[in-house]
Amino acid sequence: MDKIPWWRTSFGEPELANIREAVLNERISQGSVTKQFEDQFARSLGVPYGVAATSGSASILMALMALRIGTGDEVIVPNRTWIATAHAVLMTGAKVVLADVCPDRPVLDVENLEAKITDRTRAVIAVHLNGRATDMVSLALLAEKHGFLVIEDACQALYSRTAEGYLGTLSTVGCFSLAVTKLVSTGQGGMVVTKDPQVYEQLALVRNHGVTDIFTDSWSQMGFNFKFTDLLASFGLAQLQRVPGRLKHMQTIYQHYLAAMRDFAFLTPVPIDVNDGEVPLYAEFFCPDRARLVDFLASKNIQTRPVPPSLEISHYIESDGHFPNSKRFADQAMYLPCGPEQPLENVDRVIETLKTF
Ligand SMILES: Cc1ncc(COP(=O)(O)O)c(C=O)c1O
């Protein structure tokens, strides 16, 4: 039997046609096609500004640099995220302060965040893990009270939303990844969105070594080369066209698994509010016997993926090691085969195989 990969996406003729056009129009570096992609991306989220970057990691670093966060500052990061969030903070010279997630959802426990706030706290990064919203309303109140900035890492949450709007648009800046295992992909890539014209201006400067005059290459501030390319942007424009179908398909996959889960005592869903607009990018379930299940499915040619470890394992990030809520997510959660182009027949085969575990 064919191997079922844990993730399946797609690209084809529309992407090829756009790339061909970009090449024929001599548009390969960052230029008008990137601008078009940024505008379309931002508009689809209801915000005025988008700045494309080389990766989701770069987009977080750009956001931090644009907000002038650096040495001497503290940035609070949830213990449950991909390490990229913390590495971006460390790249600026700021200190990462890890905070635990909620007991029932792997997103920042805003209710108990105050203990982590000091007079050096410059920002909190709300990571909307696997489409799940951080409590942005309470976080905004805390930010106001203590005078810190809020940045959203929405790398796993494109088009996921709450009653307040799309995740990534509910704070000063929102960061997105366009890696392969994301809803919209350009192979590698990222995007920062903002409503603030001054932050937008800063992001554009940070992306290109602080260059204010591209003809003299004169710069006004610190920056780096985080520039995107029109080749990738043309690919991305074709990917955006696929979004409505993909969102529908991913919900269908998730519901398919949910319905089947009722029969499996060994698998329970990691909670996500799909009825309120949260998008399950990955089909994520708890399995107390995870290692055995991963091996069992692998023996049946079905690939799955345990979620990444918690950041507390990083020997170079100081913490008190007390993250009781993170433990279950790190130890038991896993992704079953999913993705915008995972055929439903594959999901059915996974479910049938699970019945024999
Ligand atoms: C939560 C989170 N933050 C940041 C990133 C970094 O994005 P990229 O891989 O595009 O650099 C990822 C990527 O998976 C992610 O999941």
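The structure presented is a predicted model; accordingly, all values stated were derived computationally and were not measured.

Trainee: Help me get a handle on the domain arrangement of the protein, residues and values and all.
Mentor: Assigned domains within the protein: domain 1 (13–241) and domain 2 (243–354). The C-alpha-based centres of domain 1 and domain 2 are spaced at 25 Å. Taken together, the contact pairs 29 residues of domain 1 with 27 residues of domain 2. When contributions to the side of domain 1 that touches domain 2 are tallied by element, the ones reaching two or more residues are β3 (95–99) and β6 (161–162).

Trainee: Describe in detail helix α6 (residues 197–207), supporting the description with residues and values.
Mentor: All of the buried residues along α6 are Val-199, Tyr-200, Gln-202, Leu-203, Leu-205, Val-206 and Arg-207. Its buried side turned inward, α6 meets β1 (49–53), α3 (56–66), β8 (173–177) and β9 (190–194). Where α6 ends, the next residue or the one after it, His-209, has phi of about 50°, a positive value.

Trainee: Tell me about the sheet that holds strand β15 (residues 333–336), residues and numbers included.
Mentor: Taken together, the four strands give an open sheet; going across it, the order is β12-β13-β15-β14, and neighbouring strands pair in antiparallel fashion. In the strand order of this sheet, the two ends are held by β12 (268–269) and β14 (305–306), each with one partner. Note: β14 against β15, two bridges, orientation antiparallel. Among the inter-strand pairings, Pro-306 is bridged to a residue of β15, identified as Met-334.

Trainee: So what about the sheet that holds β8? Which residues, and what values?
Mentor: Reading across from one edge, β1-β9-β8-β5-β4-β2-β3 is the order of the seven strands in this open sheet, with mixed pairing throughout. Here the strands that pair on one side only, and so sit at the sheet edges, are β1 and β3. Between one strand and the next, the sheet's axes are offset by a mean angle of 25°, whatever the strand orientation. As defined by bridge partners, strand β2 (residues 74–78) adjoins β3 across five bridges and the pair is classed as parallel. Within β3, the position partnered with Glu-74 by the bridge is Lys-95. Packed on one face of the sheet, helix α4 (residues 84–92) meets β2, β3, β4 (121–127) and β5 (149–153) and runs near 170° to β2.

Basis of the calculations
Residues numbered from 1 in each chain as written. Predicted model: local features only at pLDDT ≥ 70, side-chain atom pairs only at ≥ 80, totals over all residues. Domains from an automatic or database assignment. Contact = placed C-beta atoms within 7 Å. Helix = DSSP H or I, 4+ residues; strand = E, 2+ residues; numbered from the N terminus. Buried ≥ 20, exposed ≤ 12 C-beta atoms within 10 Å, placed from the backbone. Pairing = 2+ DSSP bridges. Axes fitted to C-alpha atoms, helices over the stretch in contact; angles between N-to-C directions.

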